[in-house]
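# Examining the three-dimensional arrangement
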Amino acid sequence: MPATLSVAICAYTLDRWDDLCAAVESVLAQRRPPDELLLVVDHCPELARRAVECLPSTVRVVDNRQQQGLSGGRNTAVAVANGEVIAFLDDDAVADADWTTRLLAGYRGPEVLGVGGLVRAWWETGRPGWFPAEFDWVVGCSYTGLPESGSAVRNFIGANMSFRRAEVLAAGGFRLDLGRVGTRPSGCEETELCIRITARNPGSVLRYEPGAAVRHHVPRQRTTWAYFRSRCYAEGGSKAVVARHRGTGPALASERRYLWRVVPVALARSLLHAELRTAAALCAGVGTTVAGYAVGRAGGRRRRPAGPSRLLSFPAGSSDPAGRSARSRP
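Residues numbered from 1 in each chain as written. Predicted model: local features only at pLDDT ≥ 70, side-chain atom pairs only at ≥ 80, totals over all residues. Heavy atoms only, no water.

### A short note on the overall build of the protein chain
If you tally the helices and strands in the protein chain, you get ten helices and nine strands. Per-residue burial over the protein chain gives 56% buried out of 330 residues. Contacts in the protein chain between residues at least 24 apart in sequence constitute 79% of all its contacts with a sequence separation of at least 6. (Helix = DSSP H or I, 4+ residues; strand = E, 2+ residues; numbered from the N terminus. Buried < 20%, exposed > 50% of the residue type's maximum accessible area, 1.4 Å probe, protein only. Contact = heavy atoms within 4.5 Å.)

Right, here's the structure in full:
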């Protein structure tokens, strides 16, 4: 089992200050405290100032030293962290008290390069009656169709994941052309990195441990049809980028199983119980995601791909990036 652990929280706005404070408190209250807690602030000086002034001194506040966005923030955390393992917790998530213990316990051998856990949805205004559990990935949470016990998976959910830090460095970090920027509902940067890490290490494992759980805040604005559709469309477009870089086989392997096994069962169940709005959501979610993917693939064929040195944070195979000296606030 790895000896040291860094936890990183990336934040970009003062609007989620209360959520951020709850996330920080949950990490500091762990039964097995991390060796360090990093807060990476994404180009928001006001948030950085308040964090330095108001959060406990044990929280190391760091500015995002790369381009704006979640990928740049996470890469900054990897660059400045000291732990053998780096874990990521969203700024609107709260970790269970044994989260770090269970994450580290998942590293049962050198072949395990990453461990992720369950992300439970906490619906601020209650789950909408039409919202299918199979689509909880829309709000960044674990969804029906994921394994119910510990097992190997292709990729993690970004709100609750960890990696051996050296492997993230060696793989080049998170791609800068993927991932959320502000409120833009895009993603898949963690999917692409997970595929890249395992491709570099034949026989390696990324392990899902549902006992390592966090609770993810789902605010009212993420419970609307408009958000559901936009997030599905953005997911399809992001998957197109992953397929362009990693190939359609690895990029869509889990999605094919989900589409042909999980969704049909959910659709049949909703029709059997006359849950017509849920059935409509399932169909609309699949259709909108496929449309986003198709548009993304077509657009990708017209664009010349950018060079990897501009899109990856660190040179592939590096053991310690130049960014390690990124400024840390006292």
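So much for the structure itself; the text now carries on.
### Overview of the pairing of strand S2 (residues 36-41)
The element S2 is extensively covered by neighbouring structure, given that six of its six residues are classed as buried. Here S2 shows two buried faces, one formed by Glu 36, Leu 38 and Val 40 and the other by Leu 37, Leu 39 and Val 41. Judged from the six bridges that link them, strand S1 (residues 5-11) and S2 form a sheet pairing that is parallel. Opposite Ser 6, over in S2, you have Glu 36 as the bridge partner. Of the crossover connections in this fold, the one passing from S1 over helix H1 (residues 17-28) to the parallel S2 is right-handed. Both S2 and strand S3 (residues 59-63) contribute to a ladder of five bridges, which runs parallel. The residue bridging Val 40 from the neighbouring strand is Val 62, located in S3. Crossover S2 to S3 through helix H2 (residues 45-54) is right-handed. (Pairing = 2+ DSSP bridges. Right-handed = clockwise from strand over helix to strand, strands pointing away.)

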